[in-house]
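Coordinate analysis (summary)
These are the residues of each chain, in order.
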Amino acid sequence: MKTKQTIKWVLLIAGIILLQYLFNELLDIKGIRPDLFLIFLIYLAFHLSPTQTVWVAFFLGMLEDLLFHPMVIGLSPLLKTFTGFILAKLVHQSYIHLRFFSIISSIILIFLNHVIFNWIIFIDMPMRFIEILVNYSLPEVLYTGGIFLLATYFISLSPETE
């Protein structure tokens, strides 16, 4: 039974990696791409233990940096690990068992993830924070958040027992 679960998770992770990597250009809308790894990480936080979530978050973040952001290796693992840890702790401490609060918490973490990522990426550029927020972070949050909301219609965010 344990082997079946492991195979299921490995196949899901491989599928998300392939989807993000192979269809990256297809998903692009005026330079904005959704963060499918982050959406998948949120789903995992509701179905894995906090420790497992943190490990998978670090792996997905490192993979994301290697594939898409090689100039800032380490930023995505840091942000994804933080996001996964916070959400997994909230879920497993019984703070967000209601669907509404699960979705709101997830959207807030998507927002923070994109804002911090873009702020650090553009820190050396002659742009104000508000420009980064409006031109990069908000469109990414809307795109990733929209796909996340669509996915929550089909995928349960109810935590499984440990």
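Residues numbered from 1 in each chain as written. Predicted model: local features only at pLDDT ≥ 70, side-chain atom pairs only at ≥ 80, totals over all residues. Heavy atoms only, no water.

1. A look at the overall build of the protein
If you tally the helices and strands in the protein, you get six helices and zero strands. Ordered by position from the N terminus, the helices and strands of the protein form the series α-α-α-α-α-α. Computed over its C-alpha atoms, the radius of gyration of the protein comes to 16 Å, within 12% of the 15 Å expected for a compact globule of 162 residues. Expressed along its principal axes, the backbone C-alpha trace of the protein runs to roughly 55 × 30 × 25 Å. When the 162 residues of the protein are sorted by exposure, 43% land in the buried category. Partitioning the intrachain contacts of the protein with sequence separation of at least 6 by distance along the chain shows that 65% fall at a separation of at least 24. Accessible surface computed for the protein: about 9400 Å², of which carbon and sulfur atoms make up 72%. Separation of charge centres in the protein, based on 9 positive and 10 negative side chains, amounts to 10 Å. (Helix = DSSP H or I, 4+ residues; strand = E, 2+ residues; numbered from the N terminus. Rg over C-alpha atoms; globule rule 2.2 N^0.38 Å. Buried < 20%, exposed > 50% of the residue type's maximum accessible area, 1.4 Å probe, protein only. Contact = heavy atoms within 4.5 Å. Areas by Shrake-Rupley, 256 points an atom, 1.4 Å probe, with all protein chains shown as cover. Lys, Arg positive; Asp, Glu negative; His and termini not counted. Charge placed at Lys NZ, Arg CZ, Asp CG, Glu CD.)

2. Here we look at the packing of helix α2 (residues 36–45) against helix α4 (residues 75–92)
At a closest axis distance of 9 Å, the pairing of α2 and α4 adopts a crossing angle of 30°. Between α2 and α4, the interaxial angle falls into the category roughly parallel. Seen along the crossing, α2 lies across α4 with a hand that is right-handed. Residues F37, L38, L41, I42 and A45 of α2 form the contact with α4, whose participating residues are K80, T83, G84, L87, A88, V91 and H92. When its residues are assigned to classes, the contact of α2 with α4 shows eight nonpolar, three polar and one charged. (Axes fitted to C-alpha atoms, helices over the stretch in contact; angles between N-to-C directions. Parallel < 35°, antiparallel > 145°, perpendicular 65-115°, else oblique. Left-handed = near helix turned anticlockwise from the far one by under 90°. Nonpolar A, V, L, I, M, F, W, Y, C, P; charged D, E, K, R; others polar.)

3. Section: the side chain of K80
Along the polypeptide, K80 turns up in helix α4. Given a relative accessible area of 1%, K80 falls into the buried group. Only 2.7 Å separates the side chain of K80 from the side chain of E64, close enough to count as a polar contact. Once residues within four sequence positions are removed from consideration, K80 is found in contact with D35, F37, L38, L41, A57, G61, E64 and N113. (Polar contact = N/O pair within 3.5 Å; in protein donor to acceptor, adjacent residues only side chain to side chain.)

4. Remarks on the pattern of salt bridges
Taken as a whole, this structure holds three salt bridges when the rule is applied. A salt bridge links E64 to K80; the shortest N-O distance between them is 2.7 Å. Highlighted residues: E64 in helix α3 (residues 50–68) and K80 in helix α4, separated in sequence by 16 residues. Taken individually, E64 and K80 each receive the classification buried, so the pair is uniform in this respect. In this structure, a network of salt bridges that share partners links the residues D35, E64 and K80. (Salt bridge = Lys/Arg side-chain N within 4 Å of Asp/Glu carboxyl O.)

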